[in-house]
Amino acid sequence: MDIPVKLLVVEDDMIIAADIALHLSKLGYEVSGIISRGEEAIRHVETNRPDLILLDITLKGPLDGIETAHAIHRQWNIPIIYVTAYTDEATFARAKKTRPYAYISKPIRAIELQRAIELTISRLADEHPSTSDPAPDAPFVLSDRIFVRHREKIIKIFIADILYVEADRSYCHLCTTNNEYLLTTPLKVMEDKLPGNCFVRVHRSFLVNLTQVDEVGEGHIGIKGKTIPLSHNLREALLKRIQTI
């Protein structure tokens, strides 16, 4: 099952909030909630932990959007995209101190929203660099998840759910329990990006998640009913990586 990127919408105009949520749904994102006040947004983040937050600067109540962002960042490292009708220098200067990932002016267009979200995810990847230079359209990898382009949208896959990655010339297939994704990324790039403590090359065409290995034979590995070839010269290194009795 695809796991869409999850966003929280914090906006005190319910008509605008509903319009933003509709845009997000059409773009393939999940809306974890629509919140109108800053203090409620903080409580929501504590229990639902979105991937991104779309935050209006001028909120009603004791906390405006900028104060809400400061409060959230004191506890969680969640990227924030400001959405506002106010573009004056004083407001921008206050907002900039919270280090937002983007700043969108109202009225919002779907294409601007989509680009801001994709740039935010790309920036997150830059803040967690891999050991090699990123390839065009390479997946965005964070500590516990990977974001991939699939059917014209970006979806989230938890690294623990990945079974293996199989090379297909200059592309590769990323396989989970429920789905398979064709990525326009070479296997070597995926090997560099995915955490080395979990993933190991077992064949020139296969990279496997050690936590998903069910059996190791003389020349093969079994993962969830899939038989994966095991190169003779890589078998010893694999056995050193897994606990055997």
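Our structure is the block above this text.
Now for a look at the structure at hand. Not measured: the values here are computed from a predicted model.

**With respect to the packing of aromatic side chains**
Phase 1: If you walk through the whole model with that rule in mind, you get three aromatic pairs.
Phase 2: Residues phenylalanine 92 and tyrosine 103 carry aromatic rings whose centres are separated by 5.3 Å and whose planes lie at 75 degrees to one another, so their mutual orientation is edge-to-face. Of this pair, phenylalanine 92 sits in helix H4 (residues 89–96) while tyrosine 103 sits in strand E6 (residues 102–105), placing them 11 residues apart in sequence.
Phase 3: A centroid spacing of 6.0 Å and a plane angle of 55 degrees characterise the contact between tyrosine 164 and phenylalanine 206, whose relative ring orientation is tilted. You can see tyrosine 164 sitting in strand E10 (residues 162–168) and its partner phenylalanine 206 sitting in strand E14 (residues 206–209), a full 42 residues away along the chain.

**A closer look at the packing of helix H2 (residues 38–48) against helix H3 (residues 65–73)**
Phase 1: Between H2 and H3, whose axes approach to 9 Å, the crossing angle comes to 25 degrees. Here H2 is positioned roughly parallel relative to H3, judged by the angle of their axes. At the point where H2 passes H3, the crossing takes the right-handed sense. Across the interface between the two elements, Gly38, Ala41, Ile42 and Val45 from H2 touch Thr68, Ala71 and Ile72 from H3.
Phase 2: In terms of residue class, the contact of H2 with H3 is built from five nonpolar, two polar and no charged.

**What to know about the sheet that holds strand E15 (residues 215–216)**
Phase 1: Pairing in this open sheet of three strands is antiparallel, and the strands run E15-E16-E17 from one edge to the other. Only two strands of the sheet have a single neighbouring strand rather than two, namely E15 and strand E17 (226–229).
Phase 2: Where strand E16 (residues 220–223) and E17 come together, four bridges link them in antiparallel fashion. Bridging from a neighbouring strand, histidine 220 pairs with proline 229 of E17.

**Thoughts on the pattern of salt bridges**
Phase 1: Going through the model one piece at a time under the given rule, you end up with 11 salt bridges.
Phase 2: Glutamate 39 is the partner of arginine 37 in a salt bridge, and the nearest nitrogen-oxygen pair spans 2.8 Å.
Phase 3: Arginine 37 sits in the partly exposed class, given a relative accessible area of 29%.
Phase 4: Across the salt bridge formed by arginine 235 and glutamate 218, the nearest N and O atoms sit 3.7 Å from each other. Of the two residues, arginine 235 is situated in helix H7 (residues 232–241) and glutamate 218 in the loop between E15 and E16; the sequence distance between them amounts to 17 residues.

Criteria and cut-off values
Residues numbered from 1 in each chain as written. Predicted model: local features only at pLDDT ≥ 70, side-chain atom pairs only at ≥ 80, totals over all residues. Heavy atoms only, no water. Phe/Tyr/Trp six-rings, centres within 6.5 Å; stacked < 30°, edge-to-face > 60°. Helix = DSSP H or I, 4+ residues; strand = E, 2+ residues; numbered from the N terminus. Axes fitted to C-alpha atoms, helices over the stretch in contact; angles between N-to-C directions. Parallel < 35°, antiparallel > 145°, perpendicular 65-115°, else oblique. Left-handed = near helix turned anticlockwise from the far one by under 90°. Contact = heavy atoms within 4.5 Å. Nonpolar A, V, L, I, M, F, W, Y, C, P; charged D, E, K, R; others polar. Pairing = 2+ DSSP bridges. Salt bridge = Lys/Arg side-chain N within 4 Å of Asp/Glu carboxyl O. Buried < 20%, exposed > 50% of the residue type's maximum accessible area, 1.4 Å probe, protein only.

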